[in-house]
Amino acid sequence: MSTTRTILICSGKGGVGKTTTTANLGIALARQGAKTVVLDADFGLRNLDLLLGLENRIVYTAQEVLAETCRLEQALVKHKQEPNLALLPAGNPRMLEWLKPKDMQAIVALLERQFDYVLIDCPAGIEDGFKNAAAAAREAVVITTPEVAAVRDADRVIGLLNTKGVQPVQLVLNRVRPKMMSNQEMLSVDDVTDILALPLLGLVFEDEQVIVSTNRGEPLTLSDSSSPAAQAYGNIAQRLQGEDIPLMDPSQARRGLRARMRKLMQTRIF
Amino acid sequence: MTLKDFIDKLLRRQPASAETAKERLQLVLAHDRSDLNPELLEQMRREILEVVARYVEIDLAEGDVSLETEDRVTALVANLPIRRSIAQPSKGGTL
Ligand SMILES: Nc1ncnc2c1ncn2[C@@H]1O[C@H](COP(=O)(O)OP(=O)(O)OP(=O)(O)O)[C@@H](O)[C@H]1O
Ligand SMILES: [Mg+2]
């Protein structure tokens, strides 16, 4: 049996950061020396190529690999600056009509022969696209934001992953706004981990640099950016590799008088 | 109660929304996880009360059967204040 870590990056709700996380984690793991492939399993609305800046270099896709009209090597797009990272692009959206869980398993089995990490960028929802992608995964990272709809949908996905025997399932809390959290106008980190009862793999702050980096097609983890999200993704990659990196503390992001004032306000009086 | 809650109360301000979000989520997830819709839950509640009422006199208006959830485990919680037990259940009687 291969020792490859095949990890599904999923969320339930759309637009919470699956593709951003897949791209940044992929680059970060590759930079840490792990041979990594990111698989775009969002056949309907593929975007992983764009976030990685590889959209103009796609010749073949997972579709041709499955049809055996090309070899896997021909379809894999190697990242120029980070050669430890490759992308296997999603095929035509019409693939959705015939793709089955065993097809995803077949693709992943090929990838597991030559990579240390296979990251699967999952489509939103809990329908066939999710089920196909989940069938091929061994473990999962669930992305959510501290918002009621995202947390509820994450819960549905976690339930499904449990019944499918995907293990371990870890949580990434994305788009955290420290200021709103300290004002108690956003679910806290503890609230979310208590409700979902999952180990927290990391938290990522709301960060404008995420948008800047997607404009350029250069994930934040590609450079030694000191932006909070870049650091968060780097930390998450290290934790995946088994390193013990302390979590960021949202309340530490806002020290000073106002934070102390807020602390006073949280004192129990009776 | 925290100092902030106290001041909010004095000023009749709404509680911070995170607390509301948490409470609403816990409730909706208890239902999602059990796959019981409110209608079924209400039916079950009535039937449980009926059964219990055969043994003890309960306050039907106060009786509460709900779903609570912690650590991904959802529990059916019944809180049924007993007025008094029904004297001498008839021995050998039918139930
Ligand atoms: N930490 C962050 N800070 C700021 N913006 C973010 C952050 N994470 C994600 N975003 C933005 O949120 C949007 C959605 O992100 P992304 O495409 O990664 O989500 P997704 O879960 O893959 O969406 P879909 O369900 O459509 O596939 C993007 O515009 C992205 O730039
Ligand atoms: Mg996406």
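Residues numbered from 1 in each chain as written. Chains lettered and ligands numbered in written order. Predicted model: local features only at pLDDT ≥ 70, side-chain atom pairs only at ≥ 80, totals over all residues. Heavy atoms only, no water.

1. What about the overall build of chain B?
- Along its length, chain B carries three helices and four strands.
- Listing each helix as α and each strand as β along chain B from the N terminus yields α-α-α-β-β-β-β.
- Considering chain B as a whole, with its 95 residues, one finds that 22% of them fall into the buried category.
- In chain B, the proportion of contacts linking residues at least 24 apart, taken out of those at least 6 apart, comes to 48%.
- Just so you have it, chain B exposes about 7100 Å², and 52% of that area is on carbon and sulfur atoms. (Helix = DSSP H or I, 4+ residues; strand = E, 2+ residues; numbered from the N terminus. Buried < 20%, exposed > 50% of the residue type's maximum accessible area, 1.4 Å probe, protein only. Contact = heavy atoms within 4.5 Å. Areas by Shrake-Rupley, 256 points an atom, 1.4 Å probe, with all protein chains shown as cover.)

2. Things to note about a negative patch on the surface
- Judged by side-chain charge, Asp190(A), Asp194(A), Asp64(B), Glu68(B), Glu70(B) and Asp71(B) come together as a negatively charged surface patch.
- Among the elements that take part in the negative patch, strand E2 (residues 64–70) of chain B stands out by supplying three residues, more than any other.
- Tracing the sequence through the fold places Asp194(A) in helix H9 (residues 189–196).
- Take Asp194(A): its relative accessible area is 44%, and that puts it in the partly exposed class. (Patch = residues over 30% accessible without salt bridge, like charges linked within 9 Å, V, L, I, M, F, W, Y side chains within 5 Å. Salt bridge = Lys/Arg side-chain N within 4 Å of Asp/Glu carboxyl O. Lys, Arg positive; Asp, Glu negative; His and termini not counted. Charge placed at Lys NZ, Arg CZ, Asp CG, Glu CD.)

3. Section: the packing of helix H7 (residues 148–164) of chain A against helix H2 (residues 17–34) of chain B
- It is at 10 Å that the axes of H7(A) and H2(B) come closest, and there the two elements cross at 25°. For the element pair H7(A) / H2(B), the angle class is roughly parallel. Seen along the crossing, H7(A) lies across H2(B) with a hand that is right-handed. Contacts from Val148(A), Val151(A), Arg152(A) and Asp155(A) in H7(A) reach Ala21(B), Leu25(B), Val28(B), Leu29(B), Asp32(B) and Arg33(B) in H2(B).
- By residue class, the composition of the contact of H7(A) with H2(B) is six nonpolar, no polar and four charged. (Axes fitted to C-alpha atoms, helices over the stretch in contact; angles between N-to-C directions. Parallel < 35°, antiparallel > 145°, perpendicular 65-115°, else oblique. Left-handed = near helix turned anticlockwise from the far one by under 90°. Nonpolar A, V, L, I, M, F, W, Y, C, P; charged D, E, K, R; others polar.)

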